[in-house]
Amino acid sequence: MPKVVVGVSGGMGGLGALHRAAAEARLRRVELCAVLAWQAPDGGPGSRTSCGVPVQVLCRSAAADRLREVLDAAFGAGAPAFPVTGLTVRGTAGAALVDVACDPDDLLVVGAGPRGPLRRLLRPSVARYVLAHAACPVLTVPPSPLRAAYEAARRRNSWRLPLDVRELA
């Protein structure tokens, strides 16, 4: 059965992608599957720096709690008019999304944020990975135009620069 799969992380871009995926699921009258990928710190089982089972259980529990928070923030107290499934998957975000959206009739929705050269070097793009490996159509959601204004205000506040009243007009 086809579904709309969306990657969520709790960031501003993920929330925009979640709302767009919800609109697509409502339009297509299919299930919405929100996926939050998680990784245990210091490697996995069998690696030299593998953490113990209790740490992995805590990480899985924290991921499930985070997914609940994101879905509550996106949809509020009321349940949406279509079925919503939350899924936490251990692994990288791109691989987890591609594994969940394995049916060619699925739709995979990801947020595509602004990425400078340094960020691209430090953290690979989930959207690029998904576009290269998905077996179904992929919808990338651009960041909100308000995001740039938010980032500028955040930078100004962190540098404790005064607010210019002309910016409010």
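Up top is the structure.
Residues numbered from 1 in each chain as written. Predicted model: local features only at pLDDT ≥ 70, side-chain atom pairs only at ≥ 80, totals over all residues. Heavy atoms only, no water.

A. Broad picture of unusual backbone geometry. Despite not being glycine, Arg29 shows a phi value in the positive range, around 60°. In this structure, Arg29 sits in the loop between helix 1 (12-28) and strand 2 (31-38). Under the relative-accessibility criterion, Arg29 is labelled exposed at 76%. (Helix = DSSP H or I, 4+ residues; strand = E, 2+ residues; numbered from the N terminus. Buried < 20%, exposed > 50% of the residue type's maximum accessible area, 1.4 Å probe, protein only.)

B. Molecular detail of the side chain of Glu24. Along the chain, the position of Glu24 falls in helix 1. Those residues within four positions of Glu24 in sequence are excluded, and the remaining contacts are Val4, Leu107 and Leu139. (Contact = heavy atoms within 4.5 Å.)

C. Local environment of the sheet that holds strand 5 (residues 138-141). What the 5 strands build is an open sheet, ordered 3-2-1-4-5; its pairing is parallel. Sheet topology places strand 3 (84-90) and strand 5 at the edges, where each strand pairs with a single neighbour. Pairwise comparison of adjacent strand axes, ignoring direction, gives a mean angle of 25° for this sheet. Judged from the 4 bridges that link them, strand 4 (residues 107-111) and strand 5 form a sheet pairing that is parallel. If you follow Val109 over to strand 5, its bridge partner there is Leu139. (Pairing = 2+ DSSP bridges. Axes fitted to C-alpha atoms, helices over the stretch in contact; angles between N-to-C directions.)

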